[in-house]
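# Descriptive structure summary
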Amino acid sequence: MDERKTITLLYNYNENWIGGTYYILNIIKSLNILDDAKKPKIKILYNSKESLVYIKQINYPFIEFIFYNNTLSFFKRFINKLVRQFVNTIVFTVKVKGVDNIYPMEYIIKKKDINRFHFWIPDFQEQYLPELFNTRVLNYRKLNHLYLVKKNYPIIFSSNTALNDYNKFYPNNKNPKKVLKFVSVLENNFASLDINILKDKFNITKKYFIISNQFWVHKNHKIILETVKAFKNEFKDIIFVFTGKEFDKRNPHYTSELKNYIKENNLTQYFKFLGFIKREEQLLLMKYSIAIVQPSLFEGWSTVV
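In this report, we go over the structure that sits alongside the text. Bear in mind that the values here come from a model prediction, so they are computed numbers and not experimental data. (Residues numbered from 1 in each chain as written. Predicted model: local features only at pLDDT ≥ 70, side-chain atom pairs only at ≥ 80, totals over all residues. Heavy atoms only, no water.)

## Quick notes on the layout of surface pockets
Regions of empty space are outlined by a rolling probe, equal in size to a water molecule, passed over the atoms. Here the second largest pocket is characterised by a volume of approximately 680 Å³. Lining the second largest pocket are 26 residues, with Thr6, Ile7, Asn101, Tyr103 and His118 sitting closest to its centre. Sort the elements by how many residues they give to the lining of the second largest pocket and strand S1 (residues 6–11) lands first, with four residues. Of the residues contributing to the lining of the second largest pocket, the split by class is 13 nonpolar, five polar and eight charged. (1 Å grid on protein atoms, 1.4 Å probe; cavity = no way out; pocket = protein on both sides within 12 Å on 5 of 7 lines; lining within 4 Å. Points joined across faces, edges and corners; volume = space filled by probe spheres on them. Helix = DSSP H or I, 4+ residues; strand = E, 2+ residues; numbered from the N terminus. Nonpolar A, V, L, I, M, F, W, Y, C, P; charged D, E, K, R; others polar.)

Okay, here's the thing in structure tokens:
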């Protein structure tokens, strides 16, 4: 029997960008569909033990967890930032032991001892909607991309659109590039839940549309509010249910602005904000909704779709 292949996945659970977490979870779920003989061994690089519960729930049979500390002192972070501004090089890095490949590679990880790795670029939203980013974030993203161009490091994209964008915005790049299309694998772990009990829990008494996005400006929640305002009579027996973390440090007032708009226009009866709920509850609510609405202005792959 051939030796089982090994891949290393970098996993950082982050409720502020849950899509990135789901991305890694779905890779594991996809590999779990393979026959056991073809399944690779997966090494998980993590920095928060509490977040591993979501991976363990997948019950992948060949898995190993490796903790790594991805934090640097204030002094080292300051020097890195300063040097990157002038020569776009990372001086201080974090060494990871016990792996020979990593995906997605992190800029701060020392690459000398890693035989194979790929960086990941989900999309180029900052190029199309720069007004939604502050100057610091715009500069940071551009520096990251120029760093990859400079080093010729291999890159994975989630769509052909993102790959074409990279070649458009950085036409002289010589990076090895591949597209790994995103797949969302749904388990049936919500089958045991009762939709009526769930509706009672969240006080949902009417038919509903559901919008499941982080509360970021580009997710474009406001178009839903404006639509309901314009066509109130069409929605008198329907509500709109929002799920997702209601905070974005880039725009901390965004959710309150939406709620104020609803209040000022007497639309309270049409909307419910459930916040960041359990995944299985969210999926069951999706299943019994009239439809899932995705009003976003820009998506790299969209777990929702």
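## Side note on the environment of Ile33
Mapped onto the fold, Ile33 is located in the loop between helix H1 (18–31) and strand S2 (41–46). You can call Ile33 exposed: its relative accessible area is 62%. Residues Ile33 and Tyr22, 11 residues apart in the sequence, show an inter-C-alpha distance of 17 Å. (Buried < 20%, exposed > 50% of the residue type's maximum accessible area, 1.4 Å probe, protein only.)

## What about H1?
For H1, built from 14 residues, the straight-helix expectation of 20 Å at 1.5 Å per residue is met to within 8% by its first-to-last C-alpha distance of 20 Å. Most of H1 is tucked away, with 13 of its 14 residues classed as buried. (Expected span 1.5 Å × (residues − 1).)

## Points about unusual backbone geometry
With the exception of glycine, most residues fall at negative phi, and the peptide bonds are largely trans. Cis geometry is found at the peptide bond from Tyr103 to Pro104, where omega equals -15 degrees. Following the sequence through the fold, Pro104 ends up in the loop between strand S4 (101–102) and strand S5 (116–117). Positive phi, close to 60 degrees, is recorded for Asn152, a residue that is not glycine. Relative to the elements of secondary structure, Asn152 occurs in the loop between helix H5 (135–151) and strand S7 (155–157).

## Considerations on the nonpolar core
In this structure, Leu45, Ile102, Leu148, Phe157 and Tyr166 are the most contacted members of the largest nonpolar core, which totals 28 residues. Elements with a contribution of two residues or more to this core: strand S6 (119–121), H5, S7 and helix H6 (160–169). The biggest single contributor to this core is H6, with three residues. For Tyr166, the residues in contact, after removing those within four places along its chain, are Ile121, Phe124, His145, Leu148, Val149, Ile155, Phe157, Asn173, Asn175 and Lys177. Grouped together as the second largest cluster of nonpolar side chains are 22 residues, Tyr22, Ile28, Ile44 and Trp120 included. (Core = buried A, V, L, I, M, F, W, Y, C linked by side-chain atoms within 4.5 Å. Contact = heavy atoms within 4.5 Å.)

## Digging into empty space enclosed by the protein
Evaluated as defined, the whole model comprises one cavity of 30 Å³ or more. Volume-wise, the largest cavity comes out at about 50 Å³. Across the lining of the largest cavity, the residue classes tally to four nonpolar, three polar and two charged.

## Comments concerning the sheet that holds strand S3 (residues 63–67)
If you trace the three strands from one edge of the open sheet to the other, you get S1-S2-S3, paired in parallel fashion. Only two strands of the sheet have a single partner each, and these edge strands are S1 and S3. Averaged over all adjacent pairs, the angle separating strand axes in this sheet is 25 degrees, with direction ignored. Sheet strands in contact with H1 are S1 and S2, and its direction is about 155 degrees off that of S1. (Pairing = 2+ DSSP bridges. Axes fitted to C-alpha atoms, helices over the stretch in contact; angles between N-to-C directions.)

## Considerations on the packing of aromatic side chains
Evaluation of the coordinates by the stated rule reveals 32 aromatic pairs. Here Trp17 and Trp120 contribute two aromatic rings whose centre-to-centre distance is 5.8 Å and whose plane-to-plane angle is 20 degrees, an arrangement assigned as stacked. Note that Trp17 is positioned in the loop between S1 and H1 and Trp120 in strand S6, a separation of 103 residues in sequence. Classification of Trp120 as buried rests on a relative accessible area of 13%. Aromatic pair Phe235 and Phe240: ring centres 5.3 Å apart, planes at 75 degrees, arrangement edge-to-face. Like Phe235, the residue Phe240 is buried in the burial classification. Three or more aromatic residues link up through ring pairs in this structure, and these residues are Phe124, Tyr128, Phe157, Tyr166, Phe169, Tyr170 and Phe298. Here the guanidinium or amino end of Arg4 rests over the ring plane of Phe62, the centre of that ring lying 3.7 Å away. (Phe/Tyr/Trp six-rings, centres within 6.5 Å; stacked < 30°, edge-to-face > 60°. Lys NZ or Arg CZ within 6 Å of the ring centre and 35° of its normal.)

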